[in-house]
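One-letter residues, chain by chain:
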Amino acid sequence: MLSQRHDFILQQIELLRQFVTRLVNDYQPARSDEALRLALGLQERLFPLPVAEFLQLDAAAQFTALRRQPSPSDALETCLTYVELLVHTATLYELRGRDDLASGARQLALHLALLAYHDEPTTAAASLVPLLRTLLGTEPIHPPVQELLAAFDAATT
């Protein structure tokens with residue numbers, strides 16, 4: 001049952017990815033609202049909590065909630081799926097002119113990818129970190145994320 005749910009979420013994320021690509025090329029506010037609703041709905045499906053509750057959790061608490069899976073590999077996959085979802089959500093916020101929310105989503109994505117890597121150092125988790133750093137550009141990185149990045153850099157260089 002978990003695998004069917006996860007397959008559905010992955011299919012919906014692919015739909016969201018296509019949605020975001022179309023919006024980047026041809027921005028339409030009504031379509032961005034629809035895409036954002038899809039993104040939030042997918043976040044709700046990933047978490048065992050209502051949206052209003054998990055959005056109030058800090059990164060460590062969200063990571064703990066995402067890790068509540070039958071197996072470590074399921075937990076890692078769920079975390080990394082959420083990271084991808086946050087990247088798409090950040091793009092939607094950016095298109096809407098909400099750079100503050102876009103930055104927050106990217107910071108959270110990087111934080112979760114680093115937590116996932118430090119919990120289970122896999123190539124999948126490690127490969128997301130440089131991408132997320134690039135997406136953050138010159139934005140200042142929050143102190144707890146800086147500490148995880150320093151540990152990541154030490155472990156991977």
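Note on numbering: residues in each chain are counted from 1, in written sequence order. The predicted nature of this model means local features are confined to residues of pLDDT at least 70 and side-chain atom pairs, given and counted, to a pLDDT of 80 or more, with totals for whole chains, interfaces and linings taken over all residues. Working from all heavy atoms in the structure, the side-chain values ignore hydrogens and water.

S.K.: So what about the pattern of salt bridges? Which residues, and what values?
M.R.: For this analysis, a salt bridge means a side-chain nitrogen from Lys or Arg found within 4 Å of a carboxyl oxygen belonging to Asp or Glu. Per the counting criterion, the structure on display carries 9 salt bridges. Among the salt bridges present, the one from Asp100 reaches Arg98, with a minimum N-O distance of 3.0 Å. Partly exposed describes any residue whose relative accessible area lies between the buried limit of under 20% and the exposed limit of over 50%, with all areas from a 1.4 Å probe on protein chains only and scaled to the type maximum. Overall, the relative accessible area of 49% leaves Asp100 in the partly exposed class. You can call Arg98 partly exposed: its relative accessible area is 38%. We note a salt bridge from Arg133 to Asp153, for which the minimum N-O separation is 2.7 Å. Here the residue Arg133 occupies a position in helix 7 (residues 123-136), and Asp153 occupies one in helix 8 (residues 143-156), the gap between them amounting to 20 residues. Where helices and strands are cited, they refer to DSSP runs of H or I of at least four residues and of E of at least two residues respectively, numbered from the N terminus.

S.K.: Hey, could you go over helix 2 (residues 29-46) for me, with residue numbers and the actual values?
M.R.: To estimate how far a helix should extend, the number of its residues minus one is multiplied by 1.5 Å. In this model, helix 2 (18 residues) spans 26 Å end to end at C-alpha, consistent with the 26 Å of a helix rising 1.5 Å per residue. By the burial criterion, the buried members of helix 2 are Ser32, Ala35, Leu36, Leu38, Ala39, Leu42, Gln43 and Leu46. Along the axis of helix 2, the buried positions cluster into a sector of 155°, meaning they face one direction only. Those residues of helix 2 that are exposed and aimed more than 90 degrees away from the buried face are Ala30 and Arg37. Comment: arc refers to directions from the helix axis out to C-beta atoms.

S.K.: Describe the nonpolar core, and please don't skip the residues or the numbers.
M.R.: Membership of the largest hydrophobic core comes to 51 residues, with the highest contact counts inside it found for Leu16, Tyr82, Leu92, Leu110, Leu112, Leu114 and Leu132. Elements with a minimum of two residues in this core: helix 1 (2-25), helix 2, helix 3 (51-54), helix 4 (59-66), helix 5 (72-95), helix 6 (99-119), helix 7 and helix 8. By the convention used here, residues are in contact when the closest approach between their heavy atoms is within 4.5 Å. Setting aside anything within four residues of it in sequence, one finds Leu132 in contact with Val83, Val87, Ala109, Leu110 and Ala113. Here, nonpolar core refers to any group of buried Ala, Val, Leu, Ile, Met, Phe, Trp, Tyr and Cys residues whose side-chain atoms link them within 4.5 Å.

S.K.: Could you give me a rundown of the packing of aromatic side chains, with the residues and numbers involved?
M.R.: Think of a pair of aromatic rings as described by two things: how far the centres are apart, and how the planes are tilted against each other in angle. The aromatic pairing rule takes the rings of Phe, Tyr and Trp, using the six-membered ring of Trp, and pairs them if the centres are within 6.5 Å, calling planes under 30 degrees apart stacked, those over 60 edge-to-face and the rest tilted. The final tally for this structure, using the stated rule, is 1 aromatic pair. Summarising the aromatic geometry, the rings of Tyr117 and Phe152 are spaced 4.9 Å apart at their centres and angled 75° between planes, so their arrangement reads as edge-to-face. Placement of Tyr117 in helix 6 and of Phe152 in helix 8 is noted, with a sequence separation of 35 residues between them.

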